[in-house]
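Per-entry structural report
The chain contents come next:
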Protein chains: 2
Amino acid sequence: MTTWFNETLYSGFRQSHEIKKVLFEGKSKYQKVRVFETGRFGRMLALDGVVQCTEGDEFVYHEMLTHLPILAHGKVQSVLIVGGGDGGILEEVLKHKSVKRVTMVEIDGMVIDIAKKYLPKICGKAFADRRTNLIVGDGAAWVAETEERYDLVIVDRPDPVGPATVLFSKTFYDNCRRVMQPGAILVAQNGVPHMQGPELTDAIKLFQKIWAHSGTYLAVVPTYVCGFMSMTWASDADITDVDPRQIFARYDRAGLKGLRYYNPEIHFGAFALPDFVARLLPAPKAARKPAVKKKAAAKKR
Amino acid sequence: MTTWFNETLYSGFRQSHEIKKVLFEGKSKYQKVRVFETGRFGRMLALDGVVQCTEGDEFVYHEMLTHLPILAHGKVQSVLIVGGGDGGILEEVLKHKSVKRVTMVEIDGMVIDIAKKYLPKICGKAFADRRTNLIVGDGAAWVAETEERYDLVIVDRPDPVGPATVLFSKTFYDNCRRVMQPGAILVAQNGVPHMQGPELTDAIKLFQKIWAHSGTYLAVVPTYVCGFMSMTWASDADITDVDPRQIFARYDRAGLKGLRYYNPEIHFGAFALPDFVARLLPAPKAARKPAVKKKAAAKKR
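The rules behind these values
- Residues numbered from 1 in each chain as written.
- Chains lettered and ligands numbered in written order.
- Predicted model: local features only at pLDDT ≥ 70, side-chain atom pairs only at ≥ 80, totals over all residues.
- Heavy atoms only, no water.
- UniProt positions renumbered as here; feature names shortened; annotations may be inferred.
- Pairing = 2+ DSSP bridges.
- Helix = DSSP H or I, 4+ residues; strand = E, 2+ residues; numbered from the N terminus.
- Axes fitted to C-alpha atoms, helices over the stretch in contact; angles between N-to-C directions.
- Contact = heavy atoms within 4.5 Å.
- Parallel < 35°, antiparallel > 145°, perpendicular 65-115°, else oblique.
- Left-handed = near helix turned anticlockwise from the far one by under 90°.
- Nonpolar A, V, L, I, M, F, W, Y, C, P; charged D, E, K, R; others polar.
- Least-squares fit on C-alpha atoms with pLDDT ≥ 70 in both.
- Buried < 20%, exposed > 50% of the residue type's maximum accessible area, 1.4 Å probe, protein only.
- Polar contact = N/O pair within 3.5 Å; in protein donor to acceptor, adjacent residues only side chain to side chain.
- Phe/Tyr/Trp six-rings, centres within 6.5 Å; stacked < 30°, edge-to-face > 60°.
- Lys NZ or Arg CZ within 6 Å of the ring centre and 35° of its normal.

As named in an unreviewed UniProt entry, chain A is Polyamine aminopropyltransferase, taken from Ferrovibrio xuzhouensis. Its UniProt record gives chain A a comment under Function (unreviewed entry), which states: "Catalyzes the irreversible transfer of a propylamine group from the amino donor S-adenosylmethioninamine (decarboxy-AdoMet) to putrescine (1,4-diaminobutane) to yield spermidine." Per UniProt, chain A has the following entry under Pathway (unreviewed entry): "Amine and polyamine biosynthesis; spermidine biosynthesis; spermidine from putrescine: step 1/1."

Structural data, given as structure tokens:
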């Protein structure tokens, strides 16, 4: 008889994966942590009954939250990852030779430990990279206190429940802006608009209070079921206002290995929004005064 | 206790929908036909245990298989729909005032009957439109025999099993080309590449034998689970080689009402393929001699 893992994220709809083997089952201070060998997607990490990543499709999420903002920026040297305990984001960021230092602040040490042990196909050797500054701690406290400054902040947040609720607050994003260099970019996971539309609306409303520019782009992660996943971005510069030839040139120069999703065509295609997603976005605010002068920012790119 | 409809399309993975009410359950000459009221996606049509469409997300599939090729062509007057018994494609096609006649050939009369009765939110009044020429019969036989000619052929085919197997054969597509006007476009549903990659490869290999140009574009239908759905196209003209300003102008002129997915940005964004999809495509064939001269085709657009 087949054993199934039934995701409990939504009422009235669920995805189920055949469990071939339970590799790990534990309870950390924060959540229930499980690793399965699934019938279709390889190994899967589930937290509190919700799919976090699988070997079969993690590449979508991790590539799109890293390569798109890094190539849109053009000169990323220092990166902050908030969350991301499975190491998938970290591994993709470190593919960029231009990146000199990555600080990753994950609240749940158990997730890092089990990623190293059970998910090497997702994290690779990222945790052992000399550029990695790994901190087991509270990302919200980190951005409130650190003296480090970043060109890119990646908020690998889950849904706005449990220990992650703080990663949806204005205080947190005010502090994120505090630790960002002029022209830096912030990106965040923002749920599946078909099911979680208000989360996208709320995120952009919040970002508009803090940054001159913000918006969303889309990717499709099979096991984040029910359509497009939205990734939101915020910056004092407009990351969509880059000459396509620049992105192609940066992509060629970066020489990224082993990609399965991101490419320069997808870079631009991801900003095309279906009507039902576009309607979730609040009207753009009147242009705010950017922290750096527009010309200086334009030159940087 | 919750009653669930468990889709049986894939081994090792399944989607499940809460059933609030069974509205119809029957067995036609071809397949098991069911209509449910679901907990999350409104009414759903299921054939042989596989989701065909739901009120909650049918707009994606039906808009993208119609408006994209119609606006890429620019002068569609006559349309053939093969399959499409639920009427969703028909309804979208008829939104175009330029369309003078639509022939729809659906093999299973039971699907049409239950669509009219239970799925008015999907088919609207499309079956009653004076431009509709509805035929309950075999689409493969129709394209082999009809004297009608079309500017657009939409193959609303399911997966290559059961009564639809013939809709994946070379004979069928040879006959489709036979009934196409010079410069006409064919589009077809082509499965979810993450799960059904070989189907996409096979389709393009087949199209390359018959047409000068072919390819795929992508859309995301929440209940066609596991990522992007591919839609394939074939034509003697390159439908991607259209000035974006043309598409915007045609879109404005068409004055389409009630769209929730398609817009000119998505028109172009849909052709951006993630690496793992692009790699499924066979190398383009050396240019074949088009049935109409290139200049004439270009002028037509």
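**Description of the sheet that holds strand 11 (residues 213–219) of chain A**
All names here are of chain A. In spatial order, the strands read 8-7-6-9-10-12-11; together these seven strands make up an open sheet with mixed pairing. Only two strands of the sheet have a single neighbouring strand rather than two, namely strand 8 (132–136) and strand 11. Sheet twist, expressed as the mean angle between neighbouring strand axes with direction ignored, is 15°. As defined by bridge partners, strand 6 (residues 78–83) adjoins strand 9 (residues 150–156) across five bridges and the pair is classed as parallel. Pairing of Ile81 across the sheet is with Ile154, part of strand 9. With respect to the sheet, helix 7 (residues 170–178) is in contact with strand 6, strand 9 and strand 10 (180–189), its orientation differing from that of strand 10 by roughly 140°.

**Here we look at the packing of helix 7 (residues 170–178) of chain B against helix 8 (residues 193–210) of chain B**
Residue and element names in this part refer to chain B. Here helix 7 crosses helix 8 at 45°, and the two axes come no closer than 10 Å. Considering the angle they form, helix 7 stands oblique to helix 8. At the point where helix 7 passes helix 8, the crossing takes the right-handed sense. Along its contact with helix 7, which presents Lys170, Tyr173, Asp174 and Arg177, the element helix 8 presents Leu206, Phe207, Lys209 and Ile210. Of the residues belonging to the contact of helix 7 with helix 8, the class tally is four nonpolar, no polar and four charged.

**Considering the UniProt feature "domain: PABS" (unreviewed entry) in chain A**
Within this numbering scheme, the UniProt entry marks residues 2–236 of chain A as carrying the feature "domain: PABS" (unreviewed entry). The annotated region residues 2–236 of chain A carries 29% helix and 35% strand content, and the separation between its end C-alpha atoms amounts to 51 Å.

**Comments concerning the relation of the copies chain B and chain A**
Laying chain B over chain A is done by rotating through 180° and shifting 0.0 Å along the axis; what remains is an RMSD of 0.0 Å. Look at the turn and shift together and you get a two-fold axis relating the two. Both copies share a contact surface, since 100% of the interface residues of chain B are interface residues in chain A too.

**Observations regarding the UniProt feature "binding site: S-methyl-5'-thioadenosine" (unreviewed entry) in chain A**
Residue and element names in this part refer to chain A. On the UniProt side, "binding site: S-methyl-5'-thioadenosine" (unreviewed entry) is annotated at positions that read Gln31, Glu106, Asp138, Gly139 and Pro163 here. Tracing the sequence through the fold places Glu106 in strand 7 (residues 101–106). Judged by relative accessible area, Glu106 falls into the buried class, the value being 7%. Look past the residues within four positions of Glu106 in its chain and what remains in contact with it is Gly83, Gly84, Gly85, Ile112, Ile135, Val136 and Gly137. Looking at Glu106, its side chain comes within polar contact range of the main-chain nitrogen of Gly84, at 3.4 Å. Here Asp138 lies in the loop between strand 8 and helix 6 (139–145). In this view, Asp138 contacts Val105 and Ile107; residues no more than four positions away in its chain are not counted.

**Here's the deal with the side chain of Thr66 of chain A**
Checked against the element boundaries, Thr66 of chain A lands in the loop between helix 1 (58–64) and helix 2 (67–73). In terms of polar contacts, Thr66 of chain A uses its side chain to reach the backbone carbonyl oxygen of Glu63 of chain A, at 3.2 Å.

**Focus on the packing of aromatic side chains**
On inspection of all chains with the given rule, the structure shows 25 aromatic pairs over all chains. Their ring planes at 90° and their centres at 5.4 Å tell us that Tyr61 of chain A and Tyr224 of chain A sit as a pair that is edge-to-face. Here Tyr224 of chain A lies in the loop between strand 11 and strand 12 (229–235) and Tyr61 of chain A lies in helix 1, a separation of 163 residues in the sequence. According to the relative accessible area criterion, Tyr224 of chain A is buried, its value standing at 14%. Summarising the aromatic geometry, the rings of Tyr217 of chain A and Phe271 of chain A are spaced 5.5 Å apart at their centres and angled 50° between planes, so their arrangement reads as tilted. Residue Tyr217 of chain A is found in strand 11, and its partner Phe271 of chain A is found in the loop between helix 10 (264–269) and helix 11 (275–278); the two are separated by 54 residues along the sequence. By way of ring pairs, the aromatic residues Phe59, Phe228, Tyr261 and Phe276 of chain A together with Phe59, Phe228, Tyr261 and Phe276 of chain B are connected into one cluster. Above the face of the Trp4 of chain B ring, Arg14 of chain A is positioned so that its terminal group lies 4.1 Å from the ring centre.

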